[in-house]
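# Structural description and commentary
The primary structure of each chain is shown beneath.
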Amino acid sequence: MGQSMSYERSGEWLKLPAETLASFAAPTQAVPVIEAGSHPHHVRQWLLALGLFPEKWLNRLFSVGGIQMEGSSILLRTFIAADPGSDAIFRMLSQGDADSSTSLHAGLLFYDDWCLVMDKPAGMPVHPSAPGQRGTLDEEAARTGLLRGDGLPAKHIHRLDDDTAGPVLYARNELAQLRLDEAMREKTIGRQYVALVQGVMKRSRGVINEPIGKDRHHNGRRRVSPGGEHAITHYETIEVFKRASLVRVWLETGRTHQIRVHMSHLGHPLVGDTLYGGSDSKLRHQALRGERLTFRHPWTNEETILSATEPDWFAEVRERYASL
C-alpha cells in the first residue's frame, strides 16, 4: 500500500472496514465496496481485485480459513503466534527459560505488531549455526515479544557478521515478511555503517564495484573474484588519523563480509580484522558497527529511520587511534 491505513487487532485477526479498504484501491480499479456478510471466497476475490495485498498471502490465508467477514469489516488472520512445535527457538523459550542464556544483551530500537529492530552487540550471532545453539539475536528477538505477552514470530530480514554491532530488522508476521523481503530485493532498505580502517584514505569518497566469491584456499573467507556475486559498496571518509581512517559505508548489495572484503581490496583492511589483513593490539574483532537502518514500514509505508548508539568498545578504539 502506498499510504497509511489504520487497523484494529483482535487477537490473531487484523480487522479492517471494507469501505476503508475500497478507498485505498487505485483510482483506475474502481472496485465497489463488497456487501456485508459476503462469503470468504467472494471476499478473497474482492481483495485480489483491490490489489492491496500479495496474492500469495491472500490465497494461503483463504486455504486455512484465514479470511472472514464480520458485518461490514474484513477479518484477516495475520497475527499468528509462533508454533513451539516447529520453531526451535520458541520451543526452547516455551520450556520456561525466560532469562537470557548469554552475558551479551541486545537493545531494542523499534517494536510493534509488524516488525521490530534489535541493536545487536558485537560477539552475538544473528542465528544459530548449529541445532540448539543459545545466545543468538533471533532468540533475543523472540524473547522480546514473549516478555510483552506476545508470541508472534521474529524472522530476520537481513544479517550482520557475529562481531559486527548494529541494527537488525525483523518481521513479526507473514505479510510484513513478504513486504520487507521484497524491499530487500528492490534495495530500498538502507544500511549505513561506520568502520575504522587501517591507513590513510586518499579519497574522500568512492564506490567499490567488485564481485565477491568464496576463497578456495581459506574456508570461511571471501575475496574479490571475477566469478563472484555482484557487490557494490559506497563509502566516504569521516576523519583521517595518523594510522587509520574513520569511514562511513553504505551497502547497495548484501554479500557475506562485503565491507570487510571491499575495504581490504582497497588496501585498507578494517582495524582488528585479522581474517582480511587487519590487526590491533587490543581489539580482537573488526572495528565495524551498523550506524543507521532505514526502511518503509510494512504496514504504514512510512519511512522509518533508526540509529544505533556507538558501542563503548568502538568509541575506545576510535579515540585511541585519534590520539596517536
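Located above this text is the structure these notes cover.
Structural notes, computed from the coordinates. Every chain is numbered on its own, with residues counted from 1 as its sequence reads. Thresholds applied to this predicted model are a pLDDT of at least 70 for local features of residues and 80 or more for the giving and counting of side-chain atom pairs; totals over whole chains, interfaces and linings are not thresholded and use all residues. Here the side-chain values reflect all heavy atoms present in the structure, with hydrogen atoms and water set aside.

### Comments concerning the overall build of the chain
Only DSSP runs of H or I covering at least 4 residues are called helices, and only runs of E covering at least 2 are called strands; the numbering of each starts at the N terminus. Tallying secondary structure elements over the chain gives 8 helices and 16 strands in all. For the chain, the C-alpha atoms occupy an extent of roughly 75 × 50 × 35 Å along the three principal directions. Whether two residues touch is decided by their heavy atoms; if any such pair falls within 4.5 Å, the residues are in contact. Taking contacts inside the chain between residues at least 6 apart in sequence as the whole, the part at least 24 apart equals 63%. Surface summary for the chain: the accessible area is close to 15,600 Å², and the carbon and sulfur share equals 46%. In this charge count, Lys and Arg are treated as positive and Asp and Glu as negative; neither His nor the chain ends contribute. In plain terms, the charge of a residue is placed at NZ if it is Lys, CZ if Arg, CG if Asp and CD if Glu. Counting 38 positive and 39 negative side-chain charges, the chain places the averaged centre of each group 7 Å from the other. Computed with a 1.4 Å probe, the accessible areas rest on the Shrake-Rupley method; for each residue, only the protein chains presented here act as cover.

### A few points about the side chain of His158
Note on placement: His158 falls in the loop between strand 7 (155-156) and strand 8 (166-171). When its relative accessible area of 5% is taken as the criterion, His158 is described as buried. One polar contact links the side chain of His158 to the main-chain amide nitrogen of Leu169, over a distance of 3.0 Å. Under the scheme applied here, a residue whose accessible area is under 20% of the maximum for its type counts as buried, over 50% as exposed, and between as partly exposed, the area being computed with a 1.4 Å probe on protein chains only. Polar contacts, as counted here, are pairs of nitrogen or oxygen atoms within 3.5 Å of one another; within protein the pair requires one atom able to donate a hydrogen and one able to accept it, and residues that are adjacent in sequence qualify only if both atoms are side-chain atoms.

### Observations concerning the sheet that holds strand 16 (residues 303-307)
Two strands are counted as paired when DSSP detects at least two bridges linking them. The 6 strands lie next to each other as 10-13-14-9-15-16, forming an open sheet whose pairing is antiparallel. At either margin of the open sheet sits one strand with a lone partner, and together these are strand 10 (205-209) and strand 16. Taking each pair of neighbouring strands and ignoring which way they run, the sheet shows an average axis angle of 25 degrees. Note: strand 13 (residues 232-240) against strand 14 (residues 244-251), 7 bridges, orientation antiparallel. Bridging across to strand 14, Val240 finds its partner in Ser245. Lines fitted to C-alpha atoms define the axes here, with helix axes fitted over just the stretch in contact, and angles between the N-to-C directions of these axes take values from 0 to 180 degrees.

### Structural notes on the pairing of strand 3 (residues 67-70)
Regular strands have side chains that alternate between both faces of the sheet. Across the two faces of strand 3 the burial differs, with Ile67 and Met69 buried and Gln68 and Glu70 not buried at all. Where strand 3 meets strand 4 (residues 73-77), 4 bridges bridge the pair, whose relative direction is antiparallel. Its bridge partner lying in strand 4, Glu70 is registered against Ser73. Taking the residues between adjacent antiparallel strands as the criterion, strand 3 and strand 4 are bridged by 2 residues, where Gly71 takes a positive phi near 65 degrees.

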